[in-house]
Amino acid sequence: MALWAQMTPQLQFLPTQILNELYPDTFPLDVRHYLASWIEEQRWENFDVDNMEQEPQARRLLDQMVRLLQEVAQHNPNVVERVKLQHISRNLSVFQQQPMQLVRTVRDILRKERHLLTQVVATNGTPQPAREDGKTDVDNLVLKVLEIQNCRQTLHQLQEDLNWEKQEMESIQGQNELDPQNSDQVTRQNRIQQLEYNYSVCAKKRMQLLQEAVCALELCQASLILRIKSWRWEQHRATIGVQFDDNLGPLQTWCEQLLGVNSNLRQELMLVKRDHGVVEQFHTLQESLAHVLQTLIKNSLVVDKQPPQVIKTQSKFSTTVRYLLGEKMAPGKPVLLKAQIITEAQARQGVVPNENVGELINSTAILEHNTASKNTCATFRNMSIRKIKRADRKGSESVTEEKFALLFTTELTITGCESPYSIQAISLPVVVIVHGSQEINAMATIIWDCAFSEPDRVPFIVPERVPWKQMCEALSSKFMSEVQTQRCLDRYNFHFLAQKIFDQPDITEDFSNMPVSWAQFNKEVLPGRTFTFWQWFEGVMDLTKKCLRDYWSEGLIFGFIGKQHLHVILQNKPNGTFLLRFSDSEIGGITIAYVGPNGGRKIQNIQPFTKKDLDSAGLGDRIRDINCITHVYPDLPKNEVFKKFFTAMSMGRTCAYWINQIIVKATDIHTCRFLFFLQVFIGWCIKYLFSPHRNQGIFSP
């Protein structure tokens, strides 16, 4: 079952429509799942589906399949699943009259699975984009269309030759019957028969090529839609810093090429009707092409530039929606795109809601084509939410946990299509706030959604708990993205963060598989604190981004470390050895932990520096002016390591310098005395401010 093992992780990325086409009602996904090994062991490709002599063998496979499925149902402990499987096994009887149809169905499913797997390379369950999107498949489709066109031209030539030969035959034959002794008549008669045979073979080949082309188009388009969904998924994950290539050019080219192929195939199908009337499979192929066309048109509308995912009412924001088939829109009346805000419940319904839950200002924009970039976009430049209607909240749910989205809708006509199509696209989830103080909690909702939601989910469902190792990946990715650094969080950082969020400071075991909940992330305050884990972590990111990026990137900040680990690594170090760690007692602070005068028996901490502190004097200058710290862990002289961060003169030294200059130039003895004592007082203040013992001695954050 190697094929099914590869296919299973990809199912979550496939649109429901593609899944339904891949596993039809006559052969549902359940059969493929439960009989995976047996199905892949059979030699479906050895069958010639047009050879009725193989029908008994096909019927034996059908009987065996029904028996195996009944056995699976019998041993299934789940009553609901057991009844379902029994029902499916009975429905397989539809193949009793045409067992070769079962062979064709299973064979086609396996072929489509192999094709999809060649299009998708999965990394940790997430599709990895290929930027030569569908080029080979599209090239093969174009060649297939050319082959169909050549076949049509050959048929036309054969028909002309046949008409000519029949006319000549009639003129020679005249009123007399066919004379077997007349070699010319016999030759012409044989030629007519050969031409008729060739015409029949070519006509059959033409229909076969059409069927193959439509099937290949369906597969190629399924890969395209998968790519578009993958692009949207990567765009979603970019919120937490996952790398994202936002270039839609290759996908637009792919869409346009498939639209062209579809148009050519529809034209060829109509020519078949002209030449041969309504032949077998005509309506099936016509419906398939119409369905594929509709799917392509509706899936080509994407939100290119997402709106901010935390939106404050009465504040302006922008967003851009792009149509990948813009160059193929019928000219004439401008296409107006309309935006409206919808709730999570409305997003799940999948239809344009009648009820408005919010009032949007500047909620319409025209799809405009840029001939230089070849992009067709509607840009909402000054959109704003005037007011919002909130749903009834459950339990302790807050307004910052309520998710909305922007729904974009329009109606357009594609060149070559008679009827207009109603299409829509939905934005990533957004949280609407009314005050800036809600922003951090709202962002927590967005981070959890982006980090832990599943691809192709029901909007906007997320798990309540996730493994800690998954949380670690999200925190590190977000930290690197927010701070704009290449240095990630390490295992020591993760261990301390786990101890903090789980309130287990004494535990040294591996937390990787321990589940962490949304409540622990941003609903429950940390023990002994007034803030949540996310509020604290976000404060550290903000401080690092604004004041400490270079220090962090060069590895000068140890960062997240618990006191126990701190004592372990510093206890045998000489006096003056220090390291920089983020404060765990207040939001957005960094502190200096160092070995005090009593050696390793006492690790001391300087009161944390906040952004306000570091704005007045940088971290480098503060480290320089604290005399009791000399070497940064493990044993690097601070003046060498932090030299590049020292300014020409610290604030205190600048003040002393100017006072000295005034004293030198002063002539009045009383002025000199006053300035001298002022200098002494300021010097004492500066020394106290940069002393590790300020604020009534030792401060332990």
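The preceding data block contains the structure.
In this report, we go over the structure that sits alongside the text. What you see is a predicted model; the values in this text were computed from it and never measured.

**Description of the overall build of the chain**
Consideration 1: Scanning the chain from N- to C-terminus turns up 23 helices and 20 strands.
Consideration 2: A sequence separation of at least 24 residues applies to 68% of the contacts in the chain between residues at least 6 apart.
Consideration 3: By element, 50% of the accessible surface of the chain is carried by carbon and sulfur atoms, the whole surface being about 35,900 Å².

**Brief notes about the pairing of strand β12 (residues 421-426)**
Consideration 1: Across the two faces of β12 the burial differs, with Y421, I423 and A425 buried and S422, Q424 and I426 not buried at all.
Consideration 2: Bridging between strand β11 (residues 404-412) and β12 involves six bridges; their strand directions are antiparallel. In the sheet register, L407 faces β12, and the bridge partner there is I426.

**As for the side chain of E401**
Consideration 1: Inspection of the secondary structure assignment puts E401 in the loop between β10 (375-388) and β11.
Consideration 2: Given the relative accessible area of 16%, E401 is considered buried.
Consideration 3: Within the structure, the side chain of E401 is placed 2.9 Å from the side chain of W518, a separation counted as a polar contact.
Consideration 4: Looking at E401, its side chain comes within polar contact range of the side chain of K523, at 2.8 Å.

**Here we look at the sheet that holds strand β18 (residues 603-605)**
Consideration 1: Overall, mixed pairing links the five strands, which are arranged β18-β17-β16-β19-β20 in an open sheet. The open sheet is flanked by β18 and β20 (636-637), the only strands paired with a single partner.
Consideration 2: Sheet analysis places strand β17 (residues 590-595) next to β18, joined by three bridges and oriented antiparallel. In the sheet register, V595 faces β18, and the bridge partner there is I603.

**Some details on helix α10 (residues 249-276)**
Note on helix geometry: an α-helix contains 3.6 residues per turn, so any two residues three or four positions apart are oriented the same way.
Consideration 1: Counted at 1.5 Å a residue, the expected span for α10 with its 28 residues is 40 Å, and the 41 Å between its end C-alpha atoms agrees.
Consideration 2: Just past α10, the residue G277 takes up positive phi, approximately 80°.

**Let's talk about the sheet that holds strand β6 (residues 336-343)**
Consideration 1: Spatial ordering of the open sheet is given by β8-β6-β11-β12, a layout of four strands whose pairing is antiparallel. What marks the edges here is a single partner per strand, and that holds for β8 (364-366) and β12. Each strand axis lies, on average, 25° off the axis of its neighbour in the sheet, ignoring direction.
Consideration 2: Across the sheet, helix α11 (residues 282-299) lies against β11 and β12, angled at about 45° from β12, the strand it touches most.

**Quick notes on the side chain of S288**
Consideration 1: Looking at where S288 falls in the secondary structure, it is placed in helix α11.
Consideration 2: A relative accessible area of 18% places S288 in the buried class.
Consideration 3: From its side chain, S288 meets the backbone oxygen of T284 in a polar contact 2.9 Å long.
Consideration 4: Dropping the residues within four chain positions of it, S288 is found in contact with V214 and E218.

**Section: a nonpolar patch on the surface**
Consideration 1: Together, V142, L143 and L146 make up an exposed nonpolar region whose accessible area comes to about 250 Å².
Consideration 2: Residue classification places L143 among the exposed residues on the basis of a relative accessible area of 53%.

**Looking at the nonpolar core**
Consideration 1: Ranked by size, the top nonpolar core spans 75 residues in total, and within it L258, L265, I297, Y323, F380, L412 and I414 carry the most contacts.
Consideration 2: Of all the elements, helix α9 (residues 183-237) adds the most residues to this core, at 15 residues.
Consideration 3: Y323 has contacts with I297, S300, L301, M329, L367, T376, L412, I414 and I423, leaving out every residue within four places of it along the chain.
Consideration 4: V431, W534, F537 and F582 belong to the second largest nonpolar core, which has 65 residues in total.

**Description of the packing of helix α15 (residues 491-501) against helix α17 (residues 533-553)**
Consideration 1: At a minimum axis separation of 12 Å, α15 and α17 run at an interaxial angle of 155°. The orientation of α15 relative to α17 falls into the category roughly antiparallel. Of the two possible hands of crossing, α15 and α17 adopt the one that is right-handed. Residues N493, F496, L497, K500 and I501 of α15 pack against F533, W536, F537 and W552 of α17.
Consideration 2: Here the contact of α15 with α17 is composed, by residue class, of seven nonpolar, one polar and one charged.

Rules of the game
Residues numbered from 1 in each chain as written. Predicted model: local features only at pLDDT ≥ 70, side-chain atom pairs only at ≥ 80, totals over all residues. Heavy atoms only, no water. Helix = DSSP H or I, 4+ residues; strand = E, 2+ residues; numbered from the N terminus. Contact = heavy atoms within 4.5 Å. Areas by Shrake-Rupley, 256 points an atom, 1.4 Å probe, with all protein chains shown as cover. Buried < 20%, exposed > 50% of the residue type's maximum accessible area, 1.4 Å probe, protein only. Pairing = 2+ DSSP bridges. Polar contact = N/O pair within 3.5 Å; in protein donor to acceptor, adjacent residues only side chain to side chain. Expected span 1.5 Å × (residues − 1). Axes fitted to C-alpha atoms, helices over the stretch in contact; angles between N-to-C directions. Patch = residues over 30% accessible without salt bridge, like charges linked within 9 Å, V, L, I, M, F, W, Y side chains within 5 Å. Salt bridge = Lys/Arg side-chain N within 4 Å of Asp/Glu carboxyl O. Core = buried A, V, L, I, M, F, W, Y, C linked by side-chain atoms within 4.5 Å. Parallel < 35°, antiparallel > 145°, perpendicular 65-115°, else oblique. Left-handed = near helix turned anticlockwise from the far one by under 90°. Nonpolar A, V, L, I, M, F, W, Y, C, P; charged D, E, K, R; others polar.

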